[in-house]
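# Examination of the molecular architecture
What follows is the residue order along each chain.
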Amino acid sequence: MATFHTETVQSGLALSRLHILFHSVALLFLYYYRISHILLEPSFVWIFMTIAELIFGELWLFKQAFRWRPVSRAVMPEKLPSDGKLPALDIFVCTVDPEKEPTVQVMDTVISAIAMDYPSNKLAVYLSDDGGCPVTLYGIREASRFAKEWVPFCRKYGINSRCPKAFFSPMGEDERELLLLRNHEFLAEQEQLKAKYNIMQKNIDEFGRDPKNRSIVFDRPARIEIINEQSEIPLVVYVSRERRPNVPHTYKGGALNTLLRVSGLFSNGPYVLVVDCDMYCNDPSSAKQAMCFFLDPETSKDIAFVQFPQMFHNLSMKDIYDSQHRHAFTTMWQGMDGLRGPGLSGSGNYLSRSALIFPSPYEKDGYEHNAQNKFGNSTMYIESLKAIQGQQTYKTSISRNVILQEAEAVASCSYEIDTNWGNEARFSYVILLESTVTGYLLHCRGWRSTYLYPKRPCFLGCAPTDFMEGMLQLVKWSSELFLLGISKYSPFTYGISRIPILHNFTFCYFTSTCQYIVALIVYGIIPQVCFLKGTPVFPKVTEPWFVVFAILYVSSQSQHLIEVLYGGGSLGTWWDEQRIWIVKSIVGGIFGSILAIKKRFGLNKAKFILSNKVVAKEKFEKYEQGKFEFEGAALFMSPLVGLLIVNILCFFGGLWRLFNVKDFEKMSGQLFLLGYLAALSYPIFEGIITMKSKVQ
């Protein structure tokens, strides 16, 4: 049977598993040492240290599931059926606020989606304007007009960088020079297109100068507009769902659910691409790459989604905030892919519409039972579900005006409230869409997913380049992960009987990361205060038990270092990741837990945290230099500053005492810990001093 992709288990698997066993044995020795000491001489210090080390050990154990069977995949799109036999594909792009998501940038993403290397009659692009801003509607009209010339140009010359901004920027210089060598007509056409692109940008910017055109409309009816349905480019549809101040607004998740219904009435593609408004399509072949899994005879039956890594065009050489999420996209996702597949990220994922409708890959006949309670009272939308099973959906006699009226009805803010639309699906898709475990419930229902990390990034976005934006995003993710962990769908209860144990461990890890804060606060205060007082919390350096602690430290750090080097990183990358992991664990743990608890008990008014895609020049220059920027992040910095002060005072006070008392043997472990933390904290300390000097 022909297959369209290959799977390769990463090398060194036996050695990696041997290391897991070795480290586990060392952990058992550590726990024996701690517990036996507590039984002989109980003290609060040792009890807290033991609790912290139990947490570190628990999370380390869960994390090894990612390392159990990591795989890499390659695709063979040349083996796919001809273009005429490819299934239809709908692309969803969501935007809200032109102030934080510049309209020209959003239109670059839309144009790159329109220009995808996929048959135009099988492709549809939907833009959700959740702010109802006039400039967004104006922008997509301008973008569609430009795309009618841009798409034929891209197809004629086989252009890869189909985002016009990227193609005309220095990033596209190599490709432009190569095309010029091949075809002398290219230069003239390129200059014409560049001039028209500049005009498009100018028109949108001028229209957006009026504040009324950029303002979010919080009280509005639904508006659906077909921007293009001519054959030269794909179908383009503008969607602005109804919004009322007194009706709950589920933000991006709700917008995507609306797009699912609206697209079901127009194009009803069996597959859907979700892409952030700032994450343009960098490789036009990504759709065909995804189809290598959806159409593969061996995997097509139960694949819910294909996830691509989120990659960024504005990363500096020294990515101090780890905005690229290297560990997640090179270690975690590939490790999950070797089990039953990764979780769903907020962007760059191709989804099967079936997975969002049917309860499992083996139960696709029950959607008609009680359909109106599950999917709402739109008979036209319910009829569209038949197409997923290969049945004919629409009659040609249905006019566009009738479909538009029905689309506005399913885009009303009350549509989901009036229906009992699959509470479990609502929880997974609406509430947790942007977190790393959105696909968790899909896996619980028997679906699988897959992960593809191609050499050329298929999607490129704009990463946070200052501390504040990065932490806002992190707190949002952490709170939703915490909520999943304490919900009835927790992997500790709901998932344990529905997902293979190792795969479930990966979701247990995600939902337990807030526990790090307990262990880090203990390790960030108790050894320091005890060092100042001369109270040992680790064995003497001359005792055999000290070797156990040393082995565990070297073992965990070497594991991380090998992964960084294997992934193309450096010693500097490893060191920076050590620092930002501690920072993110503290900030995400504290503020993510607080936000989750407030949400759980209804103490927090629902608020959408939108990442700012506008990068200030001064902040970006500091980011390029590898310097921390803490402006506007005083609240997030408060626990870090507190721990930093404790460490500095105890470090220098303890050194003074150590040189006087000279008890180096029993205090060596704490001296190393404080020195290690001081070295990690230096750039943060430097950033705080810089921030204070600016304020003064």
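Model, not experiment: these values are computed from the prediction.

### Some details on the sheet that holds strand β8 (residues 280-281)
- The 3 strands are arranged β8-β13-β10 in an open sheet whose pairing can be described as mixed. Two strands close off the open sheet at either side, each with one partner strand: β8 and β10 (311-312).
- Sheet topology note: the β10/strand β13 (residues 459-461) ladder contains 2 bridges and is parallel. Residue pairing for β13: Met-311 is matched across the bridge by Leu-460.

### Points about the packing of helix α21 (residues 544-566) against helix α22 (residues 571-600)
- Put simply, α21 and α22 touch, their axes get as near as 9 Å, and they point 130° apart. Compared by their axis directions, α21 and α22 come out oblique. Once α21 is placed against α22, the crossing between them reads as right-handed. Counting all contacts with α21, which are made through Gln-557, His-560, Leu-561, Val-564 and Leu-565, the residues of α22 involved are Leu-571, Thr-573, Trp-574, Glu-577 and Gln-578.

### Considerations on the packing of aromatic side chains
- Overall, the coordinates contain 50 aromatic pairs when judged by the stated rule.
- Taken together, a centroid distance of 5.2 Å and an interplanar angle of 35° make the contact between Tyr-33 and Trp-545 tilted. Note that Tyr-33 is positioned in helix α1 (residues 13-40) and Trp-545 in helix α21, a separation of 512 residues in sequence.
- The exposure class of Tyr-33 is buried, given its relative accessible area of 9%.
- Taking relative accessible area as the criterion, Trp-545 reaches 26% and is therefore assigned partly exposed.

### Some remarks on the UniProt feature "binding site: Mn(2+)" (unreviewed entry) in the protein chain
- When the UniProt feature table is mapped onto this chain, "binding site: Mn(2+)" (unreviewed entry) is found at Lys-252 and Asp-276. Spanning 25 residues, the named residues form one tight spatial group whose C-alpha atoms are at most 10.1 Å apart.
- Mapped onto the elements of the fold, Lys-252 is located in helix α9 (residues 251-266).
- By the element assignment, Asp-276 lies in strand β7 (residues 271-276).

### Let's talk about the sheet that holds strand β4 (residues 123-129)
- Sheet architecture is open: 8 strands sit in the order β5-β6-β4-β3-β7-β11-β9-β12, paired in mixed fashion. Each end of this open sheet is capped by a strand with a single partner; those strands are β5 (223-228) and β12 (448-451). Taken pair by pair, the neighbouring strands of this sheet meet at an average axis angle of 20°, ignoring direction.
- The sheet contact formed by β7 and strand β11 (residues 349-352) spans 4 bridges and is antiparallel. For Tyr-271, the partnering residue across the bridge sits in β11 and is Ser-352.
- Of the strands in this sheet, β9 (303-307) and β12 touch helix α11 (residues 326-337), which is tilted by about 140° from β12.

Procedures and definitions
Residues numbered from 1 in each chain as written. Predicted model: local features only at pLDDT ≥ 70, side-chain atom pairs only at ≥ 80, totals over all residues. Heavy atoms only, no water. Pairing = 2+ DSSP bridges. Helix = DSSP H or I, 4+ residues; strand = E, 2+ residues; numbered from the N terminus. Axes fitted to C-alpha atoms, helices over the stretch in contact; angles between N-to-C directions. Parallel < 35°, antiparallel > 145°, perpendicular 65-115°, else oblique. Left-handed = near helix turned anticlockwise from the far one by under 90°. Contact = heavy atoms within 4.5 Å. Phe/Tyr/Trp six-rings, centres within 6.5 Å; stacked < 30°, edge-to-face > 60°. Buried < 20%, exposed > 50% of the residue type's maximum accessible area, 1.4 Å probe, protein only. UniProt positions renumbered as here; feature names shortened; annotations may be inferred.

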